[in-house]
Amino acid sequence: MDEYSRFVDWDKMDVSAQSQDAKELTCTDFHELKQLARQGYWAKNHSLRAKVYHKLISNIPCRTVTPDANVYRDIVVKIVGKRSSSSLPLPEFVDNSLIPTYCLNAEGVGAVRKIILCISNQFPDISFCPALPSVIALLLHYSKDEAECFEQVCRILACNDPSKRLIDQTFLAFESSCMTFGDLVNKYCQAAHKLMVAVSEDVLEVYSDWQRWLFGELPMAYIARVFDVFLVEGYKVLYRVALALLKFFHKVRAGQPMESDSIQQDIRAFVRDIAKSVSPERLLEKAFAIRLFSRKEIQLLQMANEKALQQKGITVKQKSCLLMFQQNVHLAVHAENFKSEIVSVKEMRDIWSWIPERFALCQPLLLFTTLEHGCSLSRFYSHSEGHEPTLLLIKTTAKEVCGAYLSTDWSERRRGGNKLSFFGTGECFVFRLQPEVERYEWVIIKHPELASTGSETENHAQPASSTLSSSSIPSDPSDRLSPFLAARHFNLPSKTASMFMAGSSECIIVGGGDGQALYLDADLNHGRTSHCNTFNNQPLCSESFQISILEVWGFRD
């Protein structure tokens, strides 16, 4: 067929991939290249795709000493010897991953194991890399020989550009990416997330499968299209496509009984058979329609999750660490050690499913309750300050239950002096549990058109520990707002649009979630709500209400 056909079984290959249309790729402009990748410009010509892959991978900045094709030719005989390829043991870092055959012939299937072993020899610092077999298998379709494929994979693994993340190579990086994916699902796939919480005992275990969906279950025609864009745009593309898969799964399976006893198995089966319901073009279209956080902001979220794992001592895949990790997530709100006068254990677990994954590792800690500490705003502050984040729960005399997840320490209120000023981050949200369950995110997250990024010179105050400095804010207004950015960094049309949290000696205000806000008086006996009809939401509770009980919860490691 062509010089890149050595490992391809053409009887398995999509016929469209054999197009012989004469095409060349001459552009070097990133934005033009990005559009061509998304449109599938080189997807229907096997030889062109091979050449584009070679060009893109050759341009990846790498360590000075990166193994190349000659290294492979030197070591492969010593490492493999006369053993049959099918009997070659795989290194532990692939974690018993699926080795997809895609459209490889018998020689290609055997070559995957040989290349994995040689990479293990040359990269002793790799400790966990379950995506590697899939990447090697895919690139073999577009390689002249094993040595060329080995060199291309090595360049991807040896990338030394700190701003360009490609493949996870440690358990810490992998597990934090799973937590980050969980955070993104919580933000952008709320209906699917609600389903996962309802049918799974351990939601994070489900989300830990996200890379397997892509590098294992997704058919060849689909993963190749994803890889086209991944080589141009980087890691963020993987999050986008995984979110799109979850959205389609929920849409197709909504209201249907589970096909197995495990939601994980159901999702895997759906991804394997995705051609029955979704085309590659539609999958990518859905993925890029999600108005995701910017690359830098996702990187910050990933770093925060890595830090949380390190603090828990979870940095390598060991059974004891994993068991502790899973117990922390599933048993964070346990019937034996949790007691609230406002919410049940099940309701608290529902709230826990909404909070960022790095804090879902923690257990709830009661900091303040009006039943014990009285209705004093000064005591509210004294018991809440020094804790970040906190959870506010309110039960009214009409038996309505609402609350807020507040990302920032209440001591930040002092930055405004005697003036009531707003603070907090985009991870804040308000919610209602009774009479109906509803969560309201910060309005700017769902409607970024309401805000424009403020200039550097307008904000001279030193940012809080949980926020970014204004110099770190992306200048591109099309970028999504980071969960770490404080309200003061944006030019907003009104105070109600910018609300996170504010406090003085006279009142506290929390809200801004889809036009919802809570105002509590200094005596902590009375409150009122502000409700914007623009977003067609029901109010949090009665417009004016009396507080029966108020609790503040912290997060204990």
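Residues numbered from 1 in each chain as written. Predicted model: local features only at pLDDT ≥ 70, side-chain atom pairs only at ≥ 80, totals over all residues. Heavy atoms only, no water.

The protein carries the name TBC1 domain family member 24 in an unreviewed UniProt entry, which gives Platysteira castanea as its organism. The protein has a UniProt comment under Subunit (unreviewed entry) that states "Interacts with ARF6." Check the Function (unreviewed entry) section of the UniProt entry for the protein; it says "May act as a GTPase-activating protein for Rab family protein(s). Involved in neuronal projections development, probably through a negative modulation of ARF6 function. Involved in the regulation of synaptic vesicle trafficking." (UniProt positions renumbered as here; feature names shortened; annotations may be inferred.)

J.: Before we go on, may I ask you to explain the overall build of the protein in this structure?
T.: Looking only at helices and strands, the protein features 22 helices and 12 strands. In the protein, which comprises 557 residues, the share counted as buried stands at 58%. (Helix = DSSP H or I, 4+ residues; strand = E, 2+ residues; numbered from the N terminus. Buried < 20%, exposed > 50% of the residue type's maximum accessible area, 1.4 Å probe, protein only.)

J.: Can you help me understand the pattern of salt bridges in this one?
T.: Oppositely charged side chains can pair when the atoms bearing their charge come close. Tallied over the entire structure, the rule returns 19 salt bridges. For E427, the salt bridge is made with R358, and the minimal N-O distance between the two is 2.7 Å. Of this pair, E427 sits in the loop between β3 (401-406) and β4 (429-434) while R358 sits in helix α18 (residues 357-360), placing them 69 residues apart in sequence. E385 is paired through a salt bridge with R413; the nearest N and O atoms lie 2.7 Å apart. (Salt bridge = Lys/Arg side-chain N within 4 Å of Asp/Glu carboxyl O.)

J.: Would you explain the nonpolar core in this entry?
T.: Here is a general trend for soluble globular proteins: nonpolar side chains tend to be buried in one another's company. W42, I119, I136, I156 and W210 are the most contacted members of the largest nonpolar core, which has 122 residues in total. With 11 residues, helix α12 (residues 236-253) is the single largest residue contributor to this core. The residue makeup of this core includes at least three contributed by each of domain 1 (1-166) and domain 2 (170-326). Sequence-distant contacts of I156, that is, excluding residues within four places in its chain, are made with I57, I60, V135, L139, L166, I167, F227 and L231. Of all hydrophobic cores here, the second largest spans 28 residues; its members include L406, Y440, L524 and L550. (Core = buried A, V, L, I, M, F, W, Y, C linked by side-chain atoms within 4.5 Å. Domains from an automatic or database assignment. Contact = heavy atoms within 4.5 Å.)

J.: Explain the packing of helix α10 (residues 210-217) against α12 here, please?
T.: Describing two packed helices takes the angle between their axes plus the distance from one axis to the other. Where α10 meets α12, the closest approach of the two axes is 9 Å, and the angle between their N-to-C directions is 95°. Taken together, the axis directions place α10 and α12 in an arrangement best described as roughly perpendicular. Contacts between α10 and α12 involve W210, W213, L214 and F215 on the former and, on the latter, L238, Y239, V241, A242, L245 and L246. Of the residues that constitute the contact of α10 with α12, the class distribution is 10 nonpolar, no polar and no charged. (Axes fitted to C-alpha atoms, helices over the stretch in contact; angles between N-to-C directions. Parallel < 35°, antiparallel > 145°, perpendicular 65-115°, else oblique. Nonpolar A, V, L, I, M, F, W, Y, C, P; charged D, E, K, R; others polar.)

J.: Quick question: what am I supposed to make of the pairing of strand β12 (residues 544-556) here?
T.: Along a regular strand, successive side chains alternate from one face of the sheet to the other. One ladder, built from six bridges, connects strand β1 (residues 363-369) with β12; its direction is antiparallel. Considered in β12, the bridge of L365 is made with G554. As paired elements, strand β2 (residues 390-396) and β12 share six bridges and run antiparallel to each other. In the sheet register, K395 faces β12, and the bridge partner there is I549. (Pairing = 2+ DSSP bridges.)

J.: Explanation requested: the packing of aromatic side chains in the structure shown.
T.: For any pair of aromatic rings, the description rests on two quantities: the centre-to-centre distance and the angle between the ring planes. Under the criterion given, the structure shown has 26 aromatic pairs. On the basis of an interplanar angle of 90° and a centroid distance of 5.2 Å, the ring pair of F128 and F171 is categorised as edge-to-face. Of this pair, F128 sits in the loop between α4 (106-122) and α5 (132-140) while F171 sits in helix α7 (residues 171-188), and the two are 43 residues apart along the sequence. Here F128 and F171 have matching classes, each one buried. Both rings, one in Y405 and one in F429, keep their centres 5.4 Å apart while their planes meet at 20°; by these two values the pair is stacked. In this pair, Y405 is assigned in strand β3 and F429 in strand β4, connecting sequence segments 24 residues apart. For the pair Y405 and F429, a shared accessibility class is recorded, and that class is buried. The structure contains a cluster of three or more aromatic residues connected by ring pairs, namely W352, W354, F359, Y405, F429, F431 and F555. In this structure, R38 packs its charged tip against the face of F288, placed 3.7 Å from the ring centre. Geometry around Y235 places R165 over its ring, the cationic atom sitting 4.1 Å from the centre. (Phe/Tyr/Trp six-rings, centres within 6.5 Å; stacked < 30°, edge-to-face > 60°. Lys NZ or Arg CZ within 6 Å of the ring centre and 35° of its normal.)

J.: Honestly, helix α6 (residues 146-157) in this entry has me stumped. Any pointers?
T.: Helix length check: α6, at 12 residues, gives a terminal C-alpha distance of 16 Å against a target of 16 Å (1.5 Å per residue), a fit within 8%. Of all 12 residues in α6, 10 are buried; the element is thus mostly enclosed. Taken residue by residue, α6 has E146, A147, E148, C149, F150, Q152, V153, C154, I156 and L157 as its buried positions. For α6, the secondary structure elements touched by its buried residues are α2 (46-58), α3 (69-80), α4, α5 and α11 (220-233). For α6, the capping residue at the N-terminal end is D145, with a side-chain oxygen 3.2 Å from the backbone nitrogen of A147. (Expected span 1.5 Å × (residues − 1). Polar contact = N/O pair within 3.5 Å; in protein donor to acceptor, adjacent residues only side chain to side chain.)

J.: Quick question: what am I supposed to make of unusual backbone geometry here?
T.: Most peptide bonds adopt trans geometry, and most residues besides glycine take a negative phi value. The omega torsion across E388 and P389 is 5°, close enough to zero to call that bond cis. Among the secondary structure elements, P389 is positioned in the loop between α20 (377-384) and β2. That bond from Q434 to P435 is cis: its omega, 10°, falls within 30 degrees of zero. Tracing the backbone through its elements, the reader meets P435 in the loop between β4 and β5 (438-441). One non-glycine residue, Y102, lies in positive phi territory at about 45°. Mapped onto the elements of the fold, Y102 is located in the loop between α3 and α4. Non-glycine residue K399 carries a positive phi angle of around 65°.

J.: Help me out: how do you make sense of the side chain of D183 in this one?
T.: Along the polypeptide, D183 turns up in helix α7. Of the side chains with opposite charge, R358 lies nearest to the buried D183, which makes no salt bridge, at 4.5 Å. Among the polar contacts made by the side chain of D183, one reaches the side chain of N305 at a distance of 3.3 Å. The residues contacting D183, other than those within four sequence positions of it, are L301, N305, I355, P356 and E357. (Lys, Arg positive; Asp, Glu negative; His and termini not counted.)

J.: I would appreciate a short explanation of α10 in the present structure.
T.: Since the α-helix advances by 3.6 residues per turn, residues separated by three or four positions end up pointing in the same direction. Judged by how many residues are buried, α10 sits mostly within the fold: seven of eight residues are covered. Turning to α10, its buried residues number three or more, namely W210, Q211, W213, L214, F215, G216 and E217. In the core, the buried residues of α10 are packed alongside α5, α7, α9 (203-207), α11, α12 and α13 (263-272).

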